[in-house]
Amino acid sequence: MTRAGTVPEVFLAFLRLGVTSFGGPIAHLGYFRDDLVVRRRWMDDRAYADLVALCQFLPGPASSQVGFAMGLQRAGFLGAVAAFLGFTLPSAVLLVAFAAGATLFAGPVGGGILNGLEIVAVAIVAQAVWGMARSLTPDAPRAGIAVVAAALALFAPGAIGQLGSLVIGVVAGLLLLRDVEEGSGESLPSFGVPRAVAIGSLVVAAGALVGLPVLAAVTGSGVAALADAFFRSGALVFGGGHVVLPLLQGAVVETGWVSPDVFLAGYGAAQAVPGPLFTFAGYLGAVSSVGPGGVVGAAVALVAIFLPGFLVLVGVLPFWDALRGRPRVRAAMRGANAAVVGILGAALYTPVFTTAVTGPGPFVLALVGFVLLTAFRTPAWIVVIVGAAGGVGLALL
């Protein structure tokens with residue numbers, strides 16, 4: 001299969017996203033859409049929403065899985081690795097530096113920058129919700145599905161609400177949207193994963209889940225114990241983001257590897273950096289009393305926590321490629337895509353809006369960011385700089 005892009009192109013695109021994508025996993029999906037769907041046109045909204053819905057159903061960090069799959073579709077397996085490295089390295093480096101004693105966003109100016117970046121995330125997510133709603137909920141049935149999904153996601157927060165919303169969207173799509181035309185002549189992009197590779201990935205994931213605890217017990221290796229703890233955490237979480245925190249706490253705090261105050265300090269730092277929250281694992285691996293610690297411990301923890309989600313994703317992609325073009329599956333995905341809009345809309349309200357917009361000043365700054373993105377077509381990274389400067393201004397007023 002001929003790929004449309006190059007590995008350096010993918011790495012640089014995701015490196016910029018890794019530096020500028022503040023606000024958590026839902027905001028990341030907004031940044032991806034703005035840069036990779038709207039501006040670079042790597043895929044259309046329909047294919048992007050399909051991918052988001054699929055990753056919401058799978059265990060692992062959903063936004064990182066979406067990025068991994070987009071890199072895979074753009075430049076093959078090396079492109080997928082490049083997407084992961086580019087998006088993950090900035091926050092991982094910052095958190096490992098924090099583990100070594102560096103301070104992050106200290107003082108009123110630093111706090112203002114962080115607050116401004118949180119406010120920018122409101123504009124980014126709002127733009128994504130608005131744009132995806134126009135293309136994915138163009139009629140009354142799909143708009144209704146989006147509203148129901150948003151309500152469920154708000155009243156049942158976390159992975160249960162998200163998965164429940166997607167299930168409702170799938171069922172409603174099968175019942176209501178069988179005869180709806182797509183409204184787009186573009187073909188769905190293929191990810192080009194051979195079935196043998198997919199099956200091998202699923203076997204490796206299952207083998208690691210069973211074999212790592214046995215290896216750690218038999219050898220007494222700290223590296224194996226560390227890899228096992230973080231691999232299990234990554235394999236058992238749905239939706240990513242903050243959902244992984246209880247698993248990480250059980251893996252490293254309740255076992256005595258990391259003290260509660262050190263854990264909380266790292267979690268606070270993880271809120272202040274761009275990119276995926278799963279890079280918190282790098283901080284924990286660096287400070288853990290089990291394993292090599294430092295940079296090596298961070299690398300072990302990072303690879304272990306991201307790996308199961310990527311293995312499962314690779315394992316299902318060829319079957320997904322084969323199924324999603326079928327009429328009934330397309331009807332189900334129309335409903336799921338409408339539900340994705342609702343889930344994003346719910347997340348726009350909480351935690352994105354309720355956390356960042358605490359008064360008239362933050363609301364005006366969020367509105368400025370939204371207008372810059374939608375009316376002036378300003379690149380997201382420039383809006384991030386404007387938001388950071390605005391946050392400092394609000395802090396100094």
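Our subject is the structure listed above.
The present account deals with the structure reproduced in this document. What you see is a predicted model; the values in this text were computed from it and never measured.

**Looking at a nonpolar patch on the surface**
- Together, Phe363, Val364, Leu367, Val368, Val371, Phe376, Trp381, Ile382, Ile385 and Val386 line one region of the surface with nonpolar side chains, adding up to about 850 Å² of accessible area.
- Secondary structure elements with two or more residues in the nonpolar patch: helix H15 (360-374) and helix H16 (380-396).
- In terms of residues, the nonpolar patch owes the most to one element, H15, which gives five residues.
- The topology assignment puts Trp381 in helix H16.

**Some thoughts on the packing of helix H3 (residues 45-57) against helix H13 (residues 294-323)**
- Where H3 contacts H13, the two axes come as close as 12 Å, and the packing angle between them is 130 degrees. By the criterion of interaxial angle, the relationship of H3 to H13 is oblique. Relative to H13, H3 is oriented so that their crossing is right-handed. Mapping the contact onto sequence places Asp50, Leu54 and Cys55 in H3 and Leu313, Val316, Leu317 and Trp320 in H13.

**Concerning the pattern of salt bridges**
- What the rule picks out here adds up to nine salt bridges.
- When the shortest N-O distance is used, the salt bridge between Asp34 and Arg39 registers 3.5 Å.
- The exposure class assigned to Arg39 is partly exposed, which follows from its relative accessible area of 34%.
- The partner of Asp50 in a salt bridge is Arg330, with the nearest N and O atoms 2.8 Å apart.

**Considering the packing of aromatic side chains**
- All chains considered together, the criterion is met by twelve aromatic pairs.
- Ring centres of Phe14 and Trp42 lie 6.3 Å apart, and the angle between their planes is 50 degrees; this geometry places the pair in the tilted category. Of this pair, Phe14 sits in helix H1 (residues 7-20) while Trp42 sits in the loop between helix H2 (25-39) and H3, and the two are 28 residues apart along the sequence.
- Pairing Tyr267 with Phe280 gives two aromatic rings, centres 6.3 Å apart and planes at 50 degrees, and the pair type is tilted. Within this pair, whereas Tyr267 is found in helix H11 (residues 260-271), its partner Phe280 is found in helix H12 (residues 280-287), the two being separated by 13 residues in sequence.
- For Tyr267, a relative accessible area of 24% puts it in the partly exposed group.
- Ring pairs connect the aromatic residues Phe68, Phe84, Phe278, Phe306 and Phe310, which therefore count as one cluster.

**Examining the environment of Pro351**
- Relative to the assigned elements, Pro351 resides in helix H14 (residues 327-356).
- With 16 residues separating them in the primary sequence, Pro351 and Gly335 have C-alpha atoms 24 Å apart.

**Things to note about the nonpolar core**
- Judged by nonpolar contacts, the single largest core of 120 residues is most densely connected at Phe14, Tyr48 and Phe230.
- Top contributing element to this core by residue count: helix H4 (residues 62-99), with 14 residues.

**Remarks on the environment of Val129**
- The topology assignment puts Val129 in helix H5 (residues 107-136).
- For the pair formed by Val129 and Val340, sequence separation is 211 residues and the distance between their alpha carbons is 9.2 Å.
- Residues in contact with Val129, not counting those within four places in the same chain, are Val341, Leu344 and Gly345.

The rules we used
- Residues numbered from 1 in each chain as written.
- Predicted model: local features only at pLDDT ≥ 70, side-chain atom pairs only at ≥ 80, totals over all residues.
- Heavy atoms only, no water.
- Patch = residues over 30% accessible without salt bridge, like charges linked within 9 Å, V, L, I, M, F, W, Y side chains within 5 Å.
- Areas by Shrake-Rupley, 256 points an atom, 1.4 Å probe, with all protein chains shown as cover.
- Salt bridge = Lys/Arg side-chain N within 4 Å of Asp/Glu carboxyl O.
- Helix = DSSP H or I, 4+ residues; strand = E, 2+ residues; numbered from the N terminus.
- Axes fitted to C-alpha atoms, helices over the stretch in contact; angles between N-to-C directions.
- Parallel < 35°, antiparallel > 145°, perpendicular 65-115°, else oblique.
- Left-handed = near helix turned anticlockwise from the far one by under 90°.
- Contact = heavy atoms within 4.5 Å.
- Buried < 20%, exposed > 50% of the residue type's maximum accessible area, 1.4 Å probe, protein only.
- Phe/Tyr/Trp six-rings, centres within 6.5 Å; stacked < 30°, edge-to-face > 60°.
- Core = buried A, V, L, I, M, F, W, Y, C linked by side-chain atoms within 4.5 Å.

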